Amino acid sequence: MSRTSLSVVTDSVTARAPSKVNLHLGVGPRRDDGYHDLVTVFQALSLHDDIRVARAHELSVTVRGEGAGSVPADASNLAARAAQALAGWADRAGHVAIQIEKTIPVAGGMAGGSADAAGALVALAHLWKLDISRDELAEIAADLGSDVPFALHGNTALGTGRGEQLMHVLSRGEFHWVLALAREGLSTPAVYKELDRLRDSRSGDVDDDGDFLRSPDDLMQALASGDPRAVAPLLHNDLQPAALSLQPTLRRTLRAGVDAGALNGIVSGSGPTCAFLCADEQSAVNVAAELSGAGVARAVRTASGPAPGTRVLGTN
Ligand SMILES: C[C@@](CO)(OP(=O)(O)O)[C@H](O)COP(=O)(O)OP(=O)(O)OC[C@H]1O[C@@H](n2ccc(N)nc2=O)[C@H](O)[C@@H]1O
Ligand SMILES: Nc1ncnc2c1ncn2[C@@H]1O[C@H](COP(=O)(O)OP(=O)(O)O)[C@@H](O)[C@H]1O
């Protein structure tokens, strides 16, 4: 019998990256660099994007699925920028074909672009067999966008700085969410700008900065208890008034979700997706059905959290 030595070459890797909702989003005043200091509690949700990377002779990006038409399929795509950044770290050419299968709504406040960047980082580190630590990957991630480190981390985490400095938060059990997707997206910088404008227009009667950036201890205790009824009243988003100011119809969406039986509803991050926390899985299915019928959203999805961070799904 002849012996051949088999060296298995991986040609493509697929990674799965989660979406997120901010259970608490405290926003400090605008900094000199244009960013805002945050104290936020992220929870990763089961709604995800899949990112496949394959060896190629040049960089290319294709995008399919939810909102694909409004995502750039060129070097400006966050996944392509992630590939270039990782190639730079590894001192190699970033020739790779990237395929993104989107389920996360685009410009929806659920960090879809960040998920795609995290997916590209994890998939390429595997394809290129890079000896890179999670911390080094998180540093590259933070340069790509404030939410990208959390997309890598997943689960539940406290974010500080501009949201890129993370500490794991204990969260027991599974939480069930209904997501109301809006017809039009909202631009993240525009929502932060609207918050600054609203605060400027009523300066004098605002909380002091320390209050914006208080630690959400009650929420973290409620998460550790695993009781959605304890978590629900503690959901808080400083960006919500700004998102509602730019898309006033979201008020009706928020009301409709609670009327349908959700424990509470909140604008997800910079919006316009509205996220409703439900008592259990069956309640989420009922709320989703009723919200779909109410005509207050382009589409309605159910999701659970916390979901794991970005991970390799398979190789070919
Ligand atoms: C609001 C949040 C809440 O998690 O998420 P989304 O709702 O957009 O998903 C994040 O802060 C969005 O993070 P991300 O989308 O990664 O933002 P980046 O690319 O870093 O920054 C885009 C722009 O948002 C504003 N920005 C972002 C983060 C921050 N801490 N302060 C800011 O003022 C700045 O105007 C910045 O130029
Ligand atoms: N891979 C990507 N997926 C989604 N959007 C992307 C991507 N790359 C760049 N973008 C752009 O980034 C903007 C923010 O999109 P997204 O990350 O989905 O929303 P949000 O910041 O509200 O969570 C959009 O205008 C989109 O065109």
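Treat the numbers as computed from the prediction; the structure is a model and nothing was measured. (Residues numbered from 1 in each chain as written. Chains lettered and ligands numbered in written order. Predicted model: local features only at pLDDT ≥ 70, side-chain atom pairs only at ≥ 80, totals over all residues. Heavy atoms only, no water.)

### A short note on the UniProt feature "binding site: ATP" (unreviewed entry) in the protein
In the numbering adopted here, UniProt assigns the feature "binding site: ATP" (unreviewed entry) to Pro105, Val106, Ala107, Gly108, Gly109, Met110, Ala111, Gly112, Gly113, Ser114 and Ala115. Along the chain, Met110 falls in the loop between strand 4 (96-102) and helix 2 (112-127). Not counting residues up to four positions away in its chain, the partners in contact with Met110 are Ser19, Lys20, Leu45, Leu47, Ile104, Pro105, Leu179, Ser268 and Thr273. Locating Ser114 in the fold gives a position in helix 2. A relative accessible area of 10% places Ser114 in the buried class. Other than its neighbours up to four places away in sequence, Ser114 contacts Leu78, Asp147, Val148 and Ala151. (UniProt positions renumbered as here; feature names shortened; annotations may be inferred. Helix = DSSP H or I, 4+ residues; strand = E, 2+ residues; numbered from the N terminus. Contact = heavy atoms within 4.5 Å. Buried < 20%, exposed > 50% of the residue type's maximum accessible area, 1.4 Å probe, protein only.)

### Examining helix 11 (residues 281-294)
Along its 14 residues, helix 11 runs 20 Å from first to last C-alpha, staying within 8% of the 20 Å computed at 1.5 Å per residue. Where the residues of helix 11 are buried, they touch strand 7 (175-181), helix 10 (250-259), strand 10 (274-278) and strand 11 (299-305). Among the residues of helix 11, the N-terminal cap falls to Asp280, whose side-chain oxygen and the backbone nitrogen of Gln282 are separated by 3.3 Å. Backbone geometry just after helix 11 places Gly295 at a positive phi near 70 degrees. (Expected span 1.5 Å × (residues − 1). Polar contact = N/O pair within 3.5 Å; in protein donor to acceptor, adjacent residues only side chain to side chain.)

### Quick notes on the site of ligand 2
Taken together, the neighbourhood of ligand 2 is formed by 18 residues, with Ala107, Gly109, Ala111, Gly113 and Asp116 sitting nearest. Between ligand 2 and Asn77 there is a distance of 2.9 Å, counted from a nitrogen atom to a side-chain nitrogen or oxygen. Within the side chain of Thr188, an N or O atom sits 3.2 Å from an oxygen atom of ligand 2. A per-element tally of the shell around ligand 2 places helix 2 first, with 3 residues. Class assignment of the residues belonging to the shell around ligand 2 gives a composition of 8 nonpolar, 8 polar and 2 charged. (Near = heavy atom within 4 Å. Nonpolar A, V, L, I, M, F, W, Y, C, P; charged D, E, K, R; others polar.)

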